[in-house]
Amino acid sequence: RFPDEMHIVIFYATLNLSTKMLTYCSAGLNCSPICFRKNGRIDYLDKSDGFPICRLGDFIKPEFRSERIKLDKGDRLLFYTDG
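As a starting point, this report considers the structure included with it.

The subject of this paragraph is the packing of aromatic side chains. Using the criterion set out here, one finds two aromatic pairs in the structure. For the pair F11 and Y24, a centre-to-centre distance of 5.5 Å together with 20° between the ring planes defines the contact as stacked. Residue F11 is located in strand β2 (residues 10-16), and its partner Y24 is located in strand β3 (residues 21-27); the two are separated by 13 residues in the primary sequence. Look at Y24 and you get buried, because its relative accessible area is 3%. A centroid spacing of 5.7 Å and a plane angle of 55° characterise the contact between F11 and F79, whose relative ring orientation is tilted. Placement of the pair is F11 in strand β2 and F79 in the segment after β8 (76-78), with a sequence separation of 68 residues. With relative accessibility at 42%, the residue F79 sits in the partly exposed group.

Here is the structure:
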């Protein structure tokens, strides 16, 4: 029960240290995290684009889908927000 104009965005990620698989899910984050690969390639973690948590959930049923990315030794992740 929060005001109509309020919303919450979430980016949730877990890293399996054995397999180096990062599983992530976004709920409305508009700044996709970035994976800087050791080989110079840049990947955006933008394959999961869930809906922000807000009062509109009373009218629509948001769906959240997780995605995965394999990390290699030397890869770097940048998580940031505009808020």
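Still more ground to cover, so stick around.
Ordered in space as β2-β3-β7, the three strands form an open sheet in which the pairing is antiparallel. If you trace the sheet from one side to the other, it starts and ends with β2 and β7 (67-70), each paired once. The sheet shows a mean angle of 25° between the axes of neighbouring strands, taken without regard to direction. Here β2 runs beside β3; their pairing, made up of seven bridges, is antiparallel. Within the sheet, the bridge partner assigned to A13 lies in β3 and is Y24.

Read from one edge of the open sheet, three strands run β5-β4-β8, paired in antiparallel fashion. Edge positions in the sheet fall to β5 (42-44) and β8, since each of these pairs with one other strand and no more. Put simply, the sheet's adjacent strands are angled 20° from each other on average, direction ignored. In this sheet, β8 lies alongside strand β4 (residues 34-36) in antiparallel orientation, the contact comprising three bridges. Residue I34 lies in a different strand from β8, and its bridge partner there is L78.

Definitions and limits used
- Residues numbered from 1 in each chain as written.
- Predicted model: local features only at pLDDT ≥ 70, side-chain atom pairs only at ≥ 80, totals over all residues.
- Heavy atoms only, no water.
- Phe/Tyr/Trp six-rings, centres within 6.5 Å; stacked < 30°, edge-to-face > 60°.
- Helix = DSSP H or I, 4+ residues; strand = E, 2+ residues; numbered from the N terminus.
- Buried < 20%, exposed > 50% of the residue type's maximum accessible area, 1.4 Å probe, protein only.
- Pairing = 2+ DSSP bridges.
- Axes fitted to C-alpha atoms, helices over the stretch in contact; angles between N-to-C directions.

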